[in-house]
Amino acid sequence: MNNRELFDELNEMVHQPGIWFTAMSLNSGRNPQQRPDNSRRLLRVLSTTKDPLTAGAIADILDVRPASVTMIIKKLEADDYVQRVKDENDARVVLVQITEAGLEHLQELDETRENFESSVFDVFDEDEREQFGASLRKLNEHVSSDEFMQQMTDKMGRHQKQMYEHLQKSRNQMNNHLARGLQHAAKHRDEADGNPFTGWFK
């Protein structure tokens, strides 16, 4: 298989309606141009903490405006996925905790994702899956390298380069956004072994 055929196969796969539609559905139906689903992220945060959190702490962890957190909490509260409780040490402080319904909702989302992933990759046996995964990692490392990006931009016109740089800037901003979220999370996590916040942003 030559390079053109490889690229065409890759392009065909990522544009398959089943892949595209389900990927959007797994992200709560959001448009690829929209920000991450903060409702799901908030539930993930609450599901991995021992104690309820204040809205301010949640805003720090998700790196979003407090007003946005309040709106998300109200929406999740209406669905019975979270509830507000009074701080035992200070009745003036309102905390947020996940409910059993919220935990069940997260489990359903995770099972949906796992079932879809199985339906896609069950075509491979274990050896093929390992090889395919290694090839994808190698390809991702290559296309995200400075050398490759320099090669790309050197061949672009001014308008194309501006569009490409805008896309790259948006991607970097998103990565920085997630990194800040993890840093804020570290301030609020328990003393448990390991990192209980793994997978928040999935």
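Residues numbered from 1 in each chain as written. Predicted model: local features only at pLDDT ≥ 70, side-chain atom pairs only at ≥ 80, totals over all residues. Heavy atoms only, no water.

Topic: the overall build of the protein chain
Summing up its helical and strand segments, the protein chain has 9 helices and 3 strands in all. When the helices and strands of the protein chain are read in sequence order from the N terminus, they spell out α-α-α-β-α-α-β-β-α-α-α-α. Out of the 202 residues in the protein chain, the part that is buried amounts to 22%. For the protein chain, the computed accessible surface area is about 14,600 Å², with 50% contributed by carbon and sulfur atoms. (Helix = DSSP H or I, 4+ residues; strand = E, 2+ residues; numbered from the N terminus. Buried < 20%, exposed > 50% of the residue type's maximum accessible area, 1.4 Å probe, protein only. Areas by Shrake-Rupley, 256 points an atom, 1.4 Å probe, with all protein chains shown as cover.)

Points about the pattern of salt bridges
Applying the stated criterion across every chain yields a total of 6 salt bridges. Across the pair Lys75 and Asp79 runs a salt bridge whose closest N-O atoms are separated by 3.9 Å. (Salt bridge = Lys/Arg side-chain N within 4 Å of Asp/Glu carboxyl O.)

Focus: the packing of aromatic side chains
All told, the structure shown has 1 aromatic pair when counted by the stated rule. Taking 5.0 Å as the distance between ring centres and 40 degrees as the angle between the ring planes, the aromatic pair formed by Phe124 and Phe132 counts as tilted. Judged by its relative accessible area of 24%, Phe124 is partly exposed. Relative accessible area serves as the criterion here: at 28%, Phe132 is assigned to the partly exposed category. (Phe/Tyr/Trp six-rings, centres within 6.5 Å; stacked < 30°, edge-to-face > 60°.)

Some thoughts on helix α6 (residues 100–121)
The end-to-end C-alpha separation of α6 is 31 Å, in line with the 32 Å expected for 22 residues at 1.5 Å each. Along α6, the residues that are buried comprise Gly102, Leu106 and Phe116. Relative to the axis of α6, the buried residues are bounded by an arc of 90 degrees and lie together on one face. Among the exposed residues of α6, those oriented more than 90 degrees off its buried face are Glu100, Asn115 and Ser119. (Expected span 1.5 Å × (residues − 1). Arc of directions from axis to C-beta.)

Quick look at the packing of helix α4 (residues 55–62) against helix α5 (residues 66–78)
Look at α4 against α5: their axes get within 9 Å of each other, and the N-to-C directions meet at 110 degrees. As summarised for this structure, α4 and α5 are arranged roughly perpendicular, according to the angle between their axes. Across from Ala55, Ile58 and Ala59 in α4, the residues of α5 making contact are Pro66, Val69 and Ile73. Counted by class, the contact of α4 with α5 contains 6 nonpolar, no polar and no charged residues. (Axes fitted to C-alpha atoms, helices over the stretch in contact; angles between N-to-C directions. Parallel < 35°, antiparallel > 145°, perpendicular 65-115°, else oblique. Contact = heavy atoms within 4.5 Å. Nonpolar A, V, L, I, M, F, W, Y, C, P; charged D, E, K, R; others polar.)

What about the confidence of the model for the protein chain?
Confidence in the prediction of the protein chain, expressed as mean pLDDT, is 80, and 77% of residues score 70 or more. Mean pLDDT in the protein chain bottoms out at helix α9 (residues 158–188), which sits at 68, and peaks at strand β3 (residues 94–98), which reaches 94. Note on residues 28–35: pLDDT under 50 across the span, and 10 contacts to partners over four residues away in sequence or across chains. pLDDT under 50 marks residues 190–202. Its contacts with residues more than four places away, or in other chains, come to 23 contacts. (pLDDT = per-residue confidence, 0-100.)

Brief notes about the packing of helix α3 (residues 38–47) against α5
Contact geometry of α3 with α5 gives a least axis separation of 10 Å together with a crossing angle of 80 degrees. Taken together, the axes of α3 and α5 lie roughly perpendicular to each other. Contacts between α3 and α5 involve Asn38, Ser39, Leu42 and Leu43 from the former and Ile72, Ile73, Lys75 and Leu76 from the latter.

With respect to unusual backbone geometry
Here Asp63, not a glycine, exhibits a phi torsion of approximately 60 degrees, which is positive. Of note in this structure, Asp80 is not a glycine but carries a positive phi near 65 degrees. With respect to the secondary-structure elements, Asp80 resides in the loop between α5 and β2 (82–86). Residue classification places Asp80 among the partly exposed residues on the basis of a relative accessible area of 45%.

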